[in-house]
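What follows is the residue order along each chain.
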Amino acid sequence: MSFDLVLFGGTGDLTWRKLMPALFQAFRHGKLPEGGRLIAVARDERTDEQYRAFIKERFAEVDSSKQPSDEEFARFAELLHYRRMDLSRPEDYAGLKDAINARGAHTVVLFLATSPHLFPQICAQLGAVGLNGLNVRVVLEKPLGHDLASAQEINRVVRAAFDENQALRIDHYLGKPAVQNLSALRFGNALFEPLWRRESIANIQITLAERLGVGTRGDYYDTTGALRDMVQNHALQLLTMIAMEPPPTNDANCIRDEKLKVLRSLKPFTPEGVARDVIRGQYRAGTVDGKAVVGYLDEVKVPAASACETFVALRTEVQNWRWAGVPFYLRTGKRMAVPEAQIVINFREVPHPIFPGASRANKLVIKLQPEDGLELHLLAAKGSATSGSGTSEVLAPVSLDLDFDKAFSSHRVGAYERLLLDAIAGRLNLFVRSDEQEQAWRWVEPVLEAWRNDATGPRPYAAGTWGPAAASALVARDGFAWSEEQ
């Protein structure tokens, strides 16, 4: 199947840090369909050879395991082409269409790796020149909008040029192998599904923690914040994967219909609910990996009096028969104690403990990064103890640990690699539909509104910790604790 993959923003960070390494890995392992052409689009004046040299130089900055040898890059570079475009000029879009039509590829994928404010302009121009036929798909990188109104406007312009099934809204967390195993875990095995409900589960925790600060992206991050950057998309998508009902088939729209039902079932926030159930924080100076680091307000390009949140912890519920009363805790932040992304399913305690130590509940830990796997925490007998009432077994915690990288020795497809291959093949399961995206914005908007009217600002926390103490109190109020405190 021949294809043209056009990368708008072809010299930007996303392209050379994420997309090109992912495409090279697909090429290296024979996953990239034959007959492909990769066309980078940017404003600079470059030849194909100059662009290839640029990408080869950038490859030196990515993970060593993803760096090609000279021979590998020479073969990969044959796919790389460059085209100068001014995104405001209709004639440049017409020229791109002519170049694509001259080759007649079966599939055309247009990946918008640009600033999101350019999405409406690009999509409108693509539609105006007719570069939106049935064989064309457009991929939209987050963030899609700044609030509900801006997201709806982007979707309106995109829908004017492309059918919903042609518009692929990408969330790279959905491409992670461990996230793919959420569906397999629940719907491919008989073991967990009978327990996947309020009668067996006490609470669910989703943590997306970063050790890094904002680096040189202070100006961008300060207009975004943790709620928009991580909760509205990544965390909520993970929540829907955990909480959704079994779809009737593995069809993309069946899956996305069930995810949308979860988003519509989330307990809506009121101003009082935001004050009670949402904690926002901002990191101050601290120590990370034994090194002193500055606070957020001292980062490059961050305004001196910024009230931008770098941490969010919140409590919510899915108001339906399966999950009624089960708290879902979402937490994300920068400059955290440990860089990890994981989902913890905490099961209820046994109804009547008969063994010493049996009060510790079971839990399932779904590890997304840096490791990729599952841990099932159980209790087992470690010996016996004698007391006045006789001899009984003493239980101790043990865990069953599955490392997916070790279990599957063959090459495991990374997140962007998987999503790019799915975009080329037209598999939509892992892309977000517009009604999902808008419903997620609809749910977080009351939080944004409450914060706009709250002059107290975010709570401080030291870099290298797990966030403000109030985040622990949020969970303790229900009689629980975050996973690292258990």
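Residues numbered from 1 in each chain as written. Predicted model: local features only at pLDDT ≥ 70, side-chain atom pairs only at ≥ 80, totals over all residues. Heavy atoms only, no water.

(A) Structural context of the pairing of strand β1 (residues 3-8). Within β1, six of the six residues are buried, which leaves the element mostly enclosed by the surrounding structure. Of the two faces of β1, the one holding Phe 3, Leu 5 and Leu 7 and the one holding Asp 4, Val 6 and Phe 8 are both buried throughout. The pairing of β1 with strand β4 (residues 107-112) spans six bridges and is classified as parallel. Bridge pairing in β4 links Val 6 to Leu 110. Pairing geometry for β1 and strand β2 (residues 36-42), over six bridges, is parallel. By the bridge assignment for β2, Leu 5 is matched with Leu 38. Note that the unit made of β1, helix α1 (residues 13-28) and β2 has a crossover that is right-handed. (Buried < 20%, exposed > 50% of the residue type's maximum accessible area, 1.4 Å probe, protein only. Helix = DSSP H or I, 4+ residues; strand = E, 2+ residues; numbered from the N terminus. Pairing = 2+ DSSP bridges. Right-handed = clockwise from strand over helix to strand, strands pointing away.)

(B) Main features of the environment of Met 85. Relative to the helices and strands, Met 85 is located in the loop between β3 (80-84) and α4 (90-103). The exposure class of Met 85 is buried, given its relative accessible area of 1%. Sequence spacing of Met 85 and Glu 45 is 40 residues, and the spatial spacing of their C-alpha atoms is 8.9 Å.

(C) Local environment of α4. Taking 1.5 Å per residue as the helical rise, α4 with its 14 residues ought to reach 20 Å, and the 21 Å between its terminal C-alpha atoms agrees with that figure. Residues of α4 that are buried: Asp 92, Tyr 93, Gly 95, Leu 96 and Ile 100. Looking straight down α4, one finds its buried side chains confined to an arc of 160 degrees; they lie on one side. Facing away from the buried side of α4, by more than 90 degrees, are the exposed residues Asp 98 and Ala 102. Packing partners of the buried residues in α4 comprise β1, β2, β3, β4 and α5 (119-128). (Expected span 1.5 Å × (residues − 1). Arc of directions from axis to C-beta. Contact = heavy atoms within 4.5 Å.)

(D) Local environment of unusual backbone geometry. Residue Gln 369 is joined to Pro 370 through a cis peptide bond whose omega torsion reads 0 degrees. Turning to its location among the elements, Pro 370 is positioned in the loop between β14 (363-369) and β15 (373-387). Of note in this structure, Lys 301 is not a glycine but carries a positive phi near 70 degrees. On the secondary structure map, Lys 301 appears in the loop between β10 (291-293) and β11 (311-317). Residues other than glycine seldom take positive phi values, yet Arg 335 does so here, at roughly 55 degrees. Inspection of the secondary structure puts Arg 335 in the loop between β12 (327-333) and β13 (340-347).

(E) Quick peek at the sheet that holds β3. Strand order in the open sheet made by the seven strands is β3-β2-β1-β4-β5-β6-β17, with mixed pairing throughout. Looking at strand neighbours, the two that pair on one side only are β3 and β17 (431-432), the edges of this open sheet. In terms of strand pairing, β4 meets strand β5 (residues 136-141) through five bridges, oriented parallel. Its bridge partner being in β5, Val 108 is matched across the sheet by Val 136. Taken strand by strand, helix α13 (residues 415-425) contacts β1, β4, β5, β6 (167-170) and β17, and its axis lies near 155 degrees from that of β5. (Axes fitted to C-alpha atoms, helices over the stretch in contact; angles between N-to-C directions.)

(F) Broad picture of the nonpolar core. Ranked by size, the top nonpolar core spans 119 residues in total, and within it Phe 76, Phe 111 and Phe 328 carry the most contacts. The leading source of residues in this core is helix α9 (residues 225-243), at 11 residues. Residue contacts for Phe 328: discarding those within four places in its chain leaves Ile 204, Leu 239, Ile 242, Ala 243, Leu 314, Arg 315, Thr 316, Val 318 and Trp 323. In this structure, Ile 39, Val 108, Cys 123 and Val 158 belong to the second largest nonpolar core, which totals 28 residues. (Core = buried A, V, L, I, M, F, W, Y, C linked by side-chain atoms within 4.5 Å.)

(G) Quick look at the layout of surface pockets. Within this model, the second largest pocket holds a volume of roughly 400 Å³. Contributing to the lining of the second largest pocket are 19 residues, with Asn 346, Arg 360, Ala 361, Asn 362 and Gln 486 lying nearest its centre. Among the secondary structure elements, those contributing two or more residues to the lining of the second largest pocket are β7 (201-209), β13 and β15. Of all the elements, β15 adds the most residues to the lining of the second largest pocket, at three residues. (1 Å grid on protein atoms, 1.4 Å probe; cavity = no way out; pocket = protein on both sides within 12 Å on 5 of 7 lines; lining within 4 Å. Points joined across faces, edges and corners; volume = space filled by probe spheres on them.)

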